[in-house]
Amino acid sequence: MLLHSPARSAVSAAPTLSLTVVGLMFGLVMGLGAPLFTLEMVDLGFGTGMIAANTMMHAVGSLAIAPFIPRISMALGPKRAVTLALLTGAATLALFPLLPSIWVWFGLRTVLGAACEIILVLSESWLNQITPDHARGRVMGLYSTLLSIGIAAGPALLTVTGRTSALPFACASVALLVTTGLVAAPWLPHPQLTPPQRPSLLRYLPLAPIVIAATLLIAMLDSAATSFLALYAMHSGWSEHAATLLLSIMLLGATAFQIPIGWIGDRTSRRWLLVSLAGLAAGGALLWPVAIHHPGLAHVLLFAWDGVFASIYTVAMSVVGDRYKGGDLIAIYTLSSLAWGAGAFVGPALAASSMAAAPDGLAWFAAITCALFGLLPLFLKKSA
């Protein structure tokens, strides 16, 4: 038994490692693609309006495919669906340098957005389903950490590959092909899915309001902070370089806190942990106006704040993984992805309005939204 137990543990760990690597490689492709497409279009002579319109095609593809993901997963199974989506993404990326037409790129980015949505929703829900309850917080924290590391590494890879050839597109395509091999491996278990119990996605909203609200909150503040934190710092007297560095330091916090907080979630009440994280995030945001005038304090505060804040999503998804399986879990993940799109759309607009209303409006916006979210688990005691 002493010899058999480690072997069995290694076998059970292999699927977890494979699916967390999917998060890493997916993040790498997303982090590489975002600046790559923008800079390529600048070189082609297009302005910000056309670049923004082309960028939106990724969201169009994601939102268009999202309602059909539960049916796709039931028809093909998560393993085949993710494999086909990875192959589609790899082929699409390879076509970009071969078809340097902006109008073709509109279609390609729509297809890429749909493929990425399938990969993200099904791989994360798949991992959540095969993870035992006692380890779910740590495993989902690892997935989120590797996803964040991949996104951060993407721009760094672009500086290595350069943009004078098709090499960055080829690297991104190869990354997805390597990931395809991991997902298609015969030893990766195929989760047994049960059909969703409810006929439409919106029917799941009353079942998981906290998870949907957490996704909406994260998307709103993530898009708002990445868009306006540097500007907020510059308005407070920071140089452009220092303000950009502050944003980078803040984003690093998300990679450092996910696993430790996931470990805490595995040993305590995840509901009360959500309340605590939201309270800490709200209180931390209230300190921004003070810290922004002291660079050392601002670096420490924003690093810790984003680590705590980003962990809200990891803990929330652990909660839903405790309660739902199969098609129901995929349906909730899909609904969460739609909430993410909505939050990313309204977040920058609300942040801009807050900053126009008061010099520290961004801080007040973050504090109020986090505080409001923290009240939900207290009032919705029976909902995920």
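Residues numbered from 1 in each chain as written. Predicted model: local features only at pLDDT ≥ 70, side-chain atom pairs only at ≥ 80, totals over all residues. Heavy atoms only, no water.

An unreviewed UniProt entry lists the chain under the name Transporter, with Acetobacter pasteurianus NBRC 3278 as the source organism. In its Subcellular location (unreviewed entry) section, the UniProt record describing the chain reads: "Cell membrane". (UniProt positions renumbered as here; feature names shortened; annotations may be inferred.)

Here we come to the pattern of salt bridges. Oppositely charged side chains can pair when the atoms bearing their charge come close. By the definition in use, this model includes 1 salt bridge. Where Asp266 meets Arg270, a salt bridge forms, and the shortest distance between an N and an O atom there is 2.6 Å. (Salt bridge = Lys/Arg side-chain N within 4 Å of Asp/Glu carboxyl O.)

A word on a nonpolar patch on the surface. Taken together, the side chains of Trp272, Leu286, Trp364, Ile368, Leu372, Leu375, Leu378 and Phe379 define a hydrophobic patch exposed on the protein surface, amounting to about 880 Å² of accessible area. Listing elements by their share of the nonpolar patch, those giving two or more residues are α10 (270-286) and α14 (361-379). Looking at the secondary structure, you find Trp364 in helix α14. Residue classification places Trp364 among the partly exposed positions, given a relative accessible area of 48%. (Patch = residues over 30% accessible without salt bridge, like charges linked within 9 Å, V, L, I, M, F, W, Y side chains within 5 Å. Areas by Shrake-Rupley, 256 points an atom, 1.4 Å probe, with all protein chains shown as cover. Helix = DSSP H or I, 4+ residues; strand = E, 2+ residues; numbered from the N terminus. Buried < 20%, exposed > 50% of the residue type's maximum accessible area, 1.4 Å probe, protein only.)

A separate point is helix α7 (residues 167-184). With 18 residues, α7 extends 25 Å from end C-alpha to end C-alpha; this agrees with the ideal 26 Å at 1.5 Å per step. Taken as a whole, α7 has its buried residues at Pro168, Phe169, Ala172, Ser173, Ala175, Leu176, Thr179, Thr180 and Val183. With its buried residues spanning 150° around the axis, α7 presents them on a single face. (Expected span 1.5 Å × (residues − 1). Arc of directions from axis to C-beta.)

Turning next to the packing of helix α4 (residues 78-95) against α7. Helix packing for two helices is described by the angle between their axes and how far apart those axes are. Running from N to C, α4 and α7 point in directions that differ by 165°, and their axes come no closer than 8 Å. One way to sum up the angle between α4 and α7 is to call them roughly antiparallel. Of the two possible hands of crossing, α4 and α7 adopt the one that is left-handed. Taking contact as the criterion, the partners of Lys79, Val82, Thr83, Leu86, Leu87, Gly89, Ala90, Leu93 and Ala94 in α4 are, on α7, Phe169, Ala172, Ser173, Leu176, Leu177, Thr179, Thr180, Val183 and Ala184. Among the residues making up the contact of α4 with α7, the classes are represented as 12 nonpolar, 5 polar and 1 charged. (Axes fitted to C-alpha atoms, helices over the stretch in contact; angles between N-to-C directions. Parallel < 35°, antiparallel > 145°, perpendicular 65-115°, else oblique. Left-handed = near helix turned anticlockwise from the far one by under 90°. Contact = heavy atoms within 4.5 Å. Nonpolar A, V, L, I, M, F, W, Y, C, P; charged D, E, K, R; others polar.)

Of the residues in the chain, 88% have a pLDDT of 70 or more, and the chain-wide mean is 81. The weakest mean pLDDT in the chain belongs to helix α1 (residues 4-43) at 68; the strongest belongs to helix α11 (residues 288-291) at 95. Contacts from residues 1-11, a stretch scored under 50 in pLDDT, to residues over four places away or in other chains number 1 contact. (pLDDT = per-residue confidence, 0-100.)

A word on helix α5 (residues 102-130). When the terminal C-alpha atoms of α5 are compared, their 42 Å separation across 29 residues agrees well with the 42 Å that a helix rising 1.5 Å per residue should span. Counted residue by residue, α5 has 22 buried out of 29 residues, so it is predominantly covered.

Evaluated as defined, the whole model comprises 7 aromatic pairs. Relative to Trp305, the ring of Trp288 has its centre 5.0 Å away and its plane inclined at 75°; by these criteria the two rings are edge-to-face. In this pair, Trp288 sits in helix α11 while Trp305 sits in helix α12 (residues 295-323), placing the two residues 17 residues apart along the sequence. Neither residue differs from the other here; Trp288 and Trp305 are each classed as buried. On the basis of an interplanar angle of 10° and a centroid distance of 4.8 Å, the ring pair of Trp305 and Phe309 is categorised as stacked. Of this pair, Trp305 and Phe309 both sit in helix α12, 4 residues apart, which is roughly one turn of that helix. For the pair Trp305 and Phe309, a shared accessibility class is recorded, and that class is buried. (Phe/Tyr/Trp six-rings, centres within 6.5 Å; stacked < 30°, edge-to-face > 60°.)

For the rest of this paragraph, the subject is the environment of Ile51. Residue placement: Ile51 occurs in helix α2 (residues 48-65). Accessibility expressed as a relative area gives 10% for Ile51, which makes it buried. Ile51 sits 14 residues away from Phe37 along the chain, and the two C-alpha atoms are 8.5 Å apart. In this structure Ile51 touches Thr38, Met41, Val42 and Phe46, once residues within four positions along its chain are discounted.

Right, let's talk about the side chain of Asp266 for a bit. In this structure, Asp266 sits in helix α9 (residues 240-267). Taking relative accessible area as the criterion, Asp266 reaches 16% and is therefore assigned buried.

The next subject is the packing of α9 against α10. Two numbers describe how α9 lies on α10: the axes approach to 8 Å, and their chain directions differ by 140°. The orientation of α9 relative to α10 falls into the category oblique. Taken together, the residues of α10 that come into contact with α9 (itself represented by Ile261, Ile264, Gly265 and Asp266) are Arg270, Leu273 and Leu277. Residues that form the contact of α9 with α10 fall into these classes: 4 nonpolar, 1 polar and 2 charged.

A general tendency of soluble globular proteins is for nonpolar side chains to be buried together. If you look at the biggest cluster of nonpolar residues, it comprises 103 residues, and the most contacted ones within it are Trp288, Trp305, Phe309, Ile312 and Phe373. Counting residues per element, this core draws most heavily on helix α8 (residues 209-235), which supplies 15 residues. The two domains that each donate at least three residues to this core are domain 1 (13-193) and domain 2 (197-383). With residues near it in sequence (within four places) discarded, Phe373 still touches Ile210, Ala213, Ala214, Leu217, Leu274, Ala278 and Ile312. (Core = buried A, V, L, I, M, F, W, Y, C linked by side-chain atoms within 4.5 Å. Domains from an automatic or database assignment.)

What follows is about the environment of Val21. Residue placement: Val21 occurs in helix α1. By relative accessible area, Val21 is classed as partly exposed at 27%. Considering only alpha carbons, one finds Val21 and Leu182, 161 residues apart in sequence, at a separation of 8.5 Å. Beyond its immediate stretch of four places on either side in the chain, Val21 contacts Leu146 and Leu182.

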